[in-house]
Amino acid sequence: MSDLRELYQEVIFDHNRNPRNFGRPARFDRSSEGFNPLCGDRLTLYIAFGEDGRVAQAAFEGQGCAISTASASLMTEALKGRSVEEAEALFQKFHGLVMGDAEIDPATLGKLQVLAGVREFPARVKCATLAWHTLHAALHGEQHVSTE
Ligand code: FES
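This report concerns the structure included in the present document. Position labels on residues start from 1 in each chain and follow its written sequence. Only residues with pLDDT of at least 70 get local features here, since the model is predicted, and only at 80 or more are side-chain atom pairs given and counted; chain-wide, interface and lining totals rely on the full set of residues. Each side-chain value is worked out from all heavy atoms of the structure, with water and hydrogens disregarded.

## Focus: the overall build of the protein
In plain terms, the rule: The secondary structure listing takes helices from DSSP runs of H or I that are at least 4 residues long and strands from runs of E that are at least 2 residues long, numbered from the N terminus. For this measure, only C-alpha atoms enter the radius of gyration; the expected value for a globule follows 2.2 Å times N^0.38, where N is the number of residues. Exposure classes here rest on a 1.4 Å probe applied to the protein chains alone. A residue is buried below 20% of its type maximum, exposed above 50%, and partly exposed in between.
When helices and strands are counted, the protein shows four helices and four strands. Along the chain direction, N to C, the helices and strands of the protein fall in the order α-β-β-β-α-α-α-β. Taking 15 Å as the expected radius of gyration for a compact globule of 148 residues, we find that the protein reaches 14 Å, a close match to that expectation. Projected onto its principal axes, the C-alpha positions of the protein cover 45 × 30 × 25 Å. Evaluated residue by residue, the protein yields a buried proportion of 42% over its 148 residues.

## Some words on helix H1 (residues 3-17)
Which entries qualify depends on this criterion: Given a helix with a known number of residues, its expected span is that number minus one, times 1.5 Å. Directions are taken from the helix axis to each C-beta atom, and the arc is the one they span. Throughout, a contact is declared for two residues whenever any of their heavy atoms are within 4.5 Å.
Compared with the 21 Å implied by 1.5 Å per residue over 15 residues, the 21 Å span of H1 between its first and last C-alpha is a close match. Here H1 has its buried residues at Val 11, Ile 12 and His 15. The buried residues of H1 occupy one face: seen down the axis, they fall within an arc of 95 degrees. Residues of H1 that are exposed and angled more than 90 degrees away from the buried face: Asp 3 and Arg 17. Buried residues belonging to H1 abut helix H2 (66-79).

## Here's the deal with the packing of H1 against H2
Under the convention used in this document: Axes here refer to lines fitted to C-alpha atoms; in helices the fit is confined to the stretch in contact. Angles between the N-to-C directions go from 0 to 180 degrees. What sets the label is the angle itself: under 35 degrees gives roughly parallel, over 145 gives roughly antiparallel, 65 to 115 gives roughly perpendicular, and the rest give oblique.
Running from N to C, H1 and H2 cross one another at 85 degrees; their axes reach a closest spacing of 8 Å. One way to sum up the angle between H1 and H2 is to call them roughly perpendicular. Residue-level contacts link Val 11, Ile 12, His 15 and Asn 16 of H1 to Ala 66, Ile 67, Thr 69, Ala 70, Ser 73, Leu 74 and Glu 77 of H2.

What follows is the structure, given as structure tokens:
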């Protein structure tokens, strides 16, 4: 295993063991629940916007595998300060990355590129995108979404 791959795995382990922005915040403007029927895991995402219309806080709760938890944790960090359009664009880009879209340069996704390796494991793509589909639903005012 290359050093880079080990580093990526370490970031994923860290965000799974110690997820950032975990728990239901006291105040939020949008929320949505994502469901992965392949495993039964669920995740709820909460988003609070600032007066400038940008994401002031993104948080999540729920139980999932290491990949889904790490992906949700990294996503909530990456969303802070983004407008709705920027958050939607990030969803599209991340989705393309894990689906193996060769047009997407992983380096443009910053820390999120640690999850690029899931594209080699189709069953894990749903895990990595659970939080992201939930984000997409929340941005569109939908309360529930399934990865299927
Ligand atoms: Fe359920 Fe990964 S096994 S989200």
